[in-house]
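Here's the letter readout for the chains.
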There are 2 protein chains.
Amino acid sequence: MNGQFETLSFAPGYRRVAAAIAERILDRRLKHGDPLPPETELATQFGVNRSTIREALRELESADLVARRRGTKRMVVARPAASRVAGRLRHAFALHDVTVREVWAMLEVLEPPAAEAAALARTPATLARITAAVAAYQADHAAAPAAAAGVGEFFRAVAAAGGNRILPLMHEPLLQLLAVALGVMIDAAPPARARIGVAQARIHEAIERGDAELARSWMAKHVRDFRRGFEIGGIDLDTPVPID
Amino acid sequence: MNGQFETLSFAPGYRRVAAAIAERILDRRLKHGDPLPPETELATQFGVNRSTIREALRELESADLVARRRGTKRMVVARPAASRVAGRLRHAFALHDVTVREVWAMLEVLEPPAAEAAALARTPATLARITAAVAAYQADHAAAPAAAAGVGEFFRAVAAAGGNRILPLMHEPLLQLLAVALGVMIDAAPPARARIGVAQARIHEAIERGDAELARSWMAKHVRDFRRGFEIGGIDLDTPVPID
DNA sequence: AATGGCCTTATTGTCGGACAATCATACTAT
DNA sequence: ATAGTATGATTGTCCGACAATAAGGCCATT
């Protein structure tokens with residue numbers, strides 16, 4: 001505060017309205033699932049025009065703090081689903097020209113602990129999802145895109161089994177970013193497909209038996225293996241991740 | 001496709017407009033920093049009313065795909081900054097009632113590899129930031145909030161030194177979520193403050209010397225220590241993270 | 001009782017026009 | 001070169017309007 005004035009802040013009405021509603025949602029005065037008042041009522045309550053309200057609502061809608069169920073009119077308070085937040089993150093990463101190497105390095109950080117946690121916290125339901133993912137991958141030996149999707153589902157199932165709700169949110173954008181590169185890799189390096197199947201089976205087995213250390217080490221090997229696959233597939237690790 | 005019709009999708013005009021512009025941005029036809037055409041021109045180009053354009057713009061603005069430089073009128077194409085994305089993620093986590101334990105577990109996953117990477121990829125500039133963070137923490141022995149902020153800055157500096165641009169984006173929301181709990185902990189458990197200082201110094205030293213293994217193990221110990229701090233500070237690990 | 005048709009009302013999506021505030025720019029005077 | 005001034009472009013906000021449609025109540029049919 002040494003003699004300088006702080007920059008005084010303007011804020012357009014639509015932004016202030018959005019902030020006010022967001023605050024109500026974040027401090028739980030508006031709970032998840034509550035219907036929002038109609039636009040006209042919001043307009044009178046805030047003392048602004050309906051157009052202004054609508055712009056604020058678009059902002060909140062884009063932030064996934066409010067949503068509309070399909071084929072319905074009233075808005076309800078929502079909470080951001082993993083997939084939506086992941087999409088936002090994916091955009092951010094893509095626009096920052098994140099490279100395949102960086103995404104892969106993050107997977108190398110996240111997945112082994114995820115497997116370890118899954119082995120410790122598994123339940124019949126979460127285990128079933130992993131089993132299904134492994135089976136689906138091995139059944140689907142036909143198309144590369146399907147195989148790539150199968151790889152993603154396996155990681156998702158393992159992450160979900162760990163019981164930490166932050167992990168799925170964080171690695172979802174990574175999986176989305178890698179989807180294209182994975183497809184290329186599986187197409188170009190046929191042995192990779194088989195090795196992935198073996199690794200999945202081993203990891204699945206370790207998680208099923210509750211052997212955390214084994215699950216971790218196999219997962220580490222599994223992720224490390226991707227790097228060779230990318231190199232064989234001719235994917236330059238230092239180019240920006242390809243977008244769909 | 002077995003006899004079921006796919007749900008045919010309407011989409012309001014403002015959403016289609018937003019999607020069209022977003023696509024142009026994501027496929028780089030509109031580059032970062034490019035000015036957007038004025039609203040009236042967009043309206044005629046899309047053949048819709050300016051109100052519709054404005055609602056679409058609010059959506060893109062909230063997604064941080066477009067932004068306005070302070071005190072200027074024209075919109076420019078932007079790319080989501082770390083802080084904005086982190087805020088969005090923090091909201092999502094908070095609304096999902098994520099617990100202190102979950103946040104802390106993620107730090108336990110992310111920070112040791114971050115320290116390891118920092119030791120391998122450090123540069124004079126990134127090292128200087130870590131040095132400054134350690135010094136600031138040890139100078140600021142007065143207020144708990146300041147100390148908590150210092151802890152955050154240390155983690156940020158280490159993450160930035162690793163050179164992977166995804167990591168800072170991912171752990172930023174975790175630090176924001178933990179800020180409150182850290183303040184409480186530092187207030188309630190005075191010895192914790194000293195131990196944190198020691199750990200920071202050791203990690204800093206290891207990174208400076210390029211000793212990746214030492215950096216990793218000290219960071220692991222450092223994060224593990226937080227758990228004890230939380231327990232001593234009377235913070236229940238299984239309650240939702242406190243929001244500011 | 002459940003189902004489907006019909007009507008009324010409430011609400012949203014979109015439009016057109018309007019106006020003040022203010023940013024951008026060119027021009028002028030010092 | 002700098003500061004003032006005039007002009008046009010652009011945004012923020014308002015008003016009023018209307019078609020389309022979701023919500024909800026009522027009624028007849030099965």
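The structure under discussion appears in the preceding block.
Residues numbered from 1 in each chain as written. Chains lettered and ligands numbered in written order. Predicted model: local features only at pLDDT ≥ 70, side-chain atom pairs only at ≥ 80, totals over all residues. Heavy atoms only, no water.

Colleague: Hey, could you run me through the overall build of chain A in this one?
Modeller: In terms of regular secondary structure, chain A is built from 10 helices and two strands. Element order for chain A, N to C, with α for helix and β for strand: α-α-α-β-β-α-α-α-α-α-α-α. Counting only C-alpha atoms and orienting by the principal axes, one finds that chain A spans roughly 65 × 45 × 40 Å. The buried share of chain A, reckoned over its 244 residues, is 48%. Excluding contacts between residues fewer than 6 apart, the proportion of contacts in chain A whose partners are at least 24 apart in sequence is 75%. Taken as a whole, chain A presents about 11,600 Å² of accessible surface, with 56% of it coming from carbon and sulfur. Computed over 32 positive and 28 negative side-chain charges, the separation of the two mean positions in chain A equals 6 Å. (Helix = DSSP H or I, 4+ residues; strand = E, 2+ residues; numbered from the N terminus. Buried < 20%, exposed > 50% of the residue type's maximum accessible area, 1.4 Å probe, protein only. Contact = heavy atoms within 4.5 Å. Areas by Shrake-Rupley, 256 points an atom, 1.4 Å probe, with all protein chains shown as cover. Lys, Arg positive; Asp, Glu negative; His and termini not counted. Charge placed at Lys NZ, Arg CZ, Asp CG, Glu CD.)

Colleague: What should I look at first to understand the relation of the copies chain A and chain B in this one?
Modeller: Each of the two chain copies goes to the other by way of a rotation about an axis and a shift along it. Here chain A sits on chain B after a turn of 180 degrees about the axis and a move of 0.1 Å along it, with an RMSD of 0.2 Å. Such values leave the two copies arranged in the relation of a two-fold axis. A high fraction, 98%, of the interface residues of chain A reappear at the interface in chain B, so the copies pair face to face through one surface. (Least-squares fit on C-alpha atoms with pLDDT ≥ 70 in both.)

Colleague: Would you mind going over the protein's contact with DNA strand D with me for this structure?
Modeller: The immediate surroundings of DNA strand D are formed by 18 residues, with Gly13(A), Asn49(A), Thr52(A), Thr72(A) and Arg50(B) found nearest. Of all DNA strand D atoms lying within 4 Å of any protein atom, the proportion belonging to sugar or phosphate reaches 68%. Arg50(A) is positioned such that a nitrogen or oxygen atom in its side chain is 3.4 Å from a base nitrogen of DNA strand D. Between a phosphate oxygen of DNA strand D and a side-chain N or O atom of Thr72(A), the distance comes to 2.7 Å. Only α1 (13-26) and α3 (50-62) of chain A together with α3 (50-62) of chain B provide two or more residues apiece to the surface near DNA strand D. Looking at the surface near DNA strand D, the element that brings in the most residues is α3(A), giving three residues. (Near = heavy atom within 4 Å. Polar contact = N/O pair within 3.5 Å; in protein donor to acceptor, adjacent residues only side chain to side chain.)

Colleague: It is not clear to me how the pattern of salt bridges should be interpreted in this structure. Could you clarify?
Modeller: With the rule as written, the count across this model stands at 42 salt bridges over all chains. Here Glu153(A) and Arg129(A) are joined by a salt bridge, their closest N and O atoms 3.0 Å apart. Taken together, the positions of Glu153(A) in helix α7 (residues 144-161) and Arg129(A) in helix α6 (residues 124-139) put the pair 24 residues apart, joining distant regions of the chain. The class for Glu153(A) is partly exposed, based on a relative accessible area of 26%. The closest approach of N and O atoms between Arg156(A) and Glu172(A), which form a salt bridge, is 2.7 Å. Of this pair, Arg156(A) sits in helix α7 while Glu172(A) is found in helix α8 (residues 166-188), placing the two residues 16 residues apart along the sequence. Residue Arg156(A) is classed as partly exposed on the basis of its relative accessible area of 25%. Within the structure, one salt-bridge network assembled from shared partners comprises Arg15(A), Glu55(A), Glu59(A), Glu39(B), Arg50(B), Arg54(B), Arg58(B), Glu61(B) and Arg68(B). (Salt bridge = Lys/Arg side-chain N within 4 Å of Asp/Glu carboxyl O.)

Colleague: Can you walk me through the protein's contact with DNA strand C in this structure?
Modeller: Taken together, 18 residues form the shell around DNA strand C, and within it Arg50(A), Gly13(B), Asn49(B), Thr52(B) and Thr72(B) come nearest. Near-protein atoms of DNA strand C (within 4 Å) split between backbone and bases, with sugar and phosphate holding 69%. For DNA strand C, a phosphate oxygen lies 3.1 Å from a polar atom in the side chain of Arg68(A). Take Thr72(B): an N or O atom from its side chain is 2.8 Å from a phosphate oxygen of DNA strand C. It is α3(B) that provides the largest number of residues to the surface near DNA strand C, a total of three residues. Each residue belonging to the surface near DNA strand C can be placed in one class, and the counts come to four nonpolar, six polar and eight charged. (Nonpolar A, V, L, I, M, F, W, Y, C, P; charged D, E, K, R; others polar.)

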